Structures are given as C-alpha cells and as structure tokens.
Amino acid sequence: MQLGKYPLAWMGAWFIRSYFKLMRIETFGREVETELLAQRRDVLYAGWHRGFLYYAYHYRDRQGAGIISQSRDGELIAVVCKRLGIHAMRGSSTRGGPEALRDLISYILAGHIGGFTPDGPVGPPYESKPGIIQLAARTGSPLLAFCWDAEPSHEFNSWDRTILPLPFARLAVLYDRAPLHVPAGLSDEAYEGYRVEFDRRMNHLAYQARYYVKNHLKGLDPRDLPVPEDYLDYLPRRRPRKGS
C-alpha cells in the first residue's frame, strides 16, 4: 500500500465510527442474532453491497471477517476494516475468490462470525453469486440476511447505488426472522435453489426497510409490511448517464 493511503485509512475508520453515531438507528430482529450467538459463534451474515458503509460500523470491534476485493480500492478498504476490528480476506468473484473463500471458511470454523456482500464487487445488484451459499454449505453455519435503508440519504449513481445517510438520518436495520441453513453435498441445481431463496429474503428485507423509512412509518415492525410482486422495481437502480 502507498504510504499516503495509511492516513486515508485512519480517517476512513474515524469517519465511520463517528458519523454513524449521529444517526437515529432502529434495529428489528436483533433477538434472532442474539439467540444464534448464544448457541454458537460461527454465524454468517450477508447484505447487499450498497449498504457496506453501515455494515462496517455495525460489525466493528467484533473480530468478524469478510471478503474484500484485491483492487486498489479494496486495499484501502481492507486497512479501514482492520482499524475497525474486522478481518479482511482478499479476493472476489473476478480475482482471488477461491483462496479468499478458503481462508474465510477456516476463520469461521475456528469459531468467528463472518460474511460478505454477495453481489459485489461489480454486480449485478440485488443478485448474489454462488459464493455465499458455498460458504454456508461448507461451514454448516447459519446464514442470516441483513439489510438497511435510511432517510434522508444520498444514493450515489454507482452500480450498487451506495447509500450515504445524511447527518441525523433515520436508519431502519432489519435482520431476517430466521437464518438459512444450507446442507453440504447437494447438487448444483439444489444450491441454485438456495441462492434464489436467499436473494428473495434479502430483497424482501431491502424493500421493507426502504418502504418503512421513505414513507416515514412508525409503530410497527417493517418486516410485517406486505411485499408486492413487483418489489424489485421499488429498489433503486443506476440511472443512465446523460447523453447515453
């Protein structure tokens, strides 16, 4: 890493620790995680790439682990994560993925939490790659979907529409009501079925979190909100560039 990136990593970690303390965070389903961790330590988490800024804050100082790409940006992010008490295995679906997955499996089996953003590093958004299901199958660990949204917020026009909550924003953080358990030794077709089911769960949570904050709802659990058939149309997508 270039020397100049170390101060950037320090500032990035400081920003994440400080900035999210300004938010009004409402968490739903924390008891699901609490019950799982009371039984075992090797719990897996996954959330869409657009929410990675808050994930770093939410899982800080818990000595969990994730997979971060081998790109230059990934190098900086890995150092930021280290300063936040998160271990980074370097790789992605495009480079170094199998090695990073093996390292993460070993870390999980040693009794740690872990996970990653299954639609990263380049999308398509809201669609996981097989790695997260492979991780759950090879570790035998429960896989818990986790999504959030915020209002007011800025959404960058990146492939994933990265969310940056504005100061004092209201955040809705949703855990799935139950983890997904993926058996080992199944066929590729069977694992594809688990991947599709996990995407459905993730996108339901993403819809419910977004609808809850954008419509300023209160006094209910967002996970009780009905999800329409066209829920994917409600999730933000990258806008076409002008002139394209």
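Everything numeric in this text was worked out from a predicted model, so none of it was measured.

Chemist: Just give me the short version of helix α4 (residues 72–83), but keep the residues and values in it.
Modeler: Here α4 is twelve residues long and its end C-alpha atoms lie 17 Å apart, about the 16 Å a rise of 1.5 Å per residue gives. The set of residues buried in α4 consists of G74, A78, V79, V80 and C81. In the stretch just after α4, G85 is the one whose phi turns positive, near 80 degrees.

Chemist: Outline the packing of helix α5 (residues 97–109) against helix α6 (residues 131–139), listing residues and values.
Modeler: Between two packed helices, both the angle of their axes relative to each other and the distance between the axes serve to describe the pair. One can describe the packing of α5 onto α6 by two numbers: an axis separation of 10 Å at closest approach and a directional angle of 40 degrees. Taken together, the axes of α5 and α6 are oblique relative to one another. Between α5 and α6 lies a crossing whose hand is right-handed. In contact with L101, R102, L104, I105, I108 and L109 of α5, α6 contributes G131, Q134, L135, R138 and T139. Grouping the constituent residues of the contact of α5 with α6 by class yields six nonpolar, three polar and two charged.

Chemist: I'd love a proper account of the layout of surface pockets, names of residues and values included.
Modeler: Considered as a void within the structure, the second largest pocket measures approximately 170 Å³ in volume. What lines the second largest pocket is P130, I133, Q134, A137, R138, A184, G185, D188, Y191, E192 and R195. For the lining of the second largest pocket, the secondary structure elements donating two or more residues are α6 and α7 (188–214). Its residues assigned to classes, the lining of the second largest pocket comprises five nonpolar, two polar and four charged.

Chemist: Explain the nonpolar core to me, using residue names and the numbers behind them.
Modeler: Residues L104, I132, I133, L135, L143 and F198 are the most contacted members of the largest nonpolar core, which totals 39 residues. Only β2 (44–46), β3 (65–68), α5, α6, β6 (143–155), β7 (163–175) and α7 provide two or more residues apiece to this core. If you tally residues by element for this core, the top one is α7, at nine residues. Ranked by size, the runner-up nonpolar core spans 34 residues in total, among them V32, I68, I113 and F146.

Chemist: Describe empty space enclosed by the protein, naming the residues involved and giving the relevant values.
Modeler: Taken as a whole, this structure holds one cavity of 30 Å³ or more when the rule is applied. In this structure, the largest cavity occupies an estimated 90 Å³ of space. Looking at the largest cavity, the residues that line it are W48, R50, G51, Y55, Y126, C147, W148, D149, A206, R210, L235 and P236. Of all the secondary-structure elements, those providing two or more residues to the lining of the largest cavity are β6 and α7.

Rules used throughout
- Residues numbered from 1 in each chain as written.
- Predicted model: local features only at pLDDT ≥ 70, side-chain atom pairs only at ≥ 80, totals over all residues.
- Heavy atoms only, no water.
- Helix = DSSP H or I, 4+ residues; strand = E, 2+ residues; numbered from the N terminus.
- Expected span 1.5 Å × (residues − 1).
- Buried < 20%, exposed > 50% of the residue type's maximum accessible area, 1.4 Å probe, protein only.
- Axes fitted to C-alpha atoms, helices over the stretch in contact; angles between N-to-C directions.
- Parallel < 35°, antiparallel > 145°, perpendicular 65-115°, else oblique.
- Left-handed = near helix turned anticlockwise from the far one by under 90°.
- Contact = heavy atoms within 4.5 Å.
- Nonpolar A, V, L, I, M, F, W, Y, C, P; charged D, E, K, R; others polar.
- 1 Å grid on protein atoms, 1.4 Å probe; cavity = no way out; pocket = protein on both sides within 12 Å on 5 of 7 lines; lining within 4 Å.
- Points joined across faces, edges and corners; volume = space filled by probe spheres on them.
- Core = buried A, V, L, I, M, F, W, Y, C linked by side-chain atoms within 4.5 Å.

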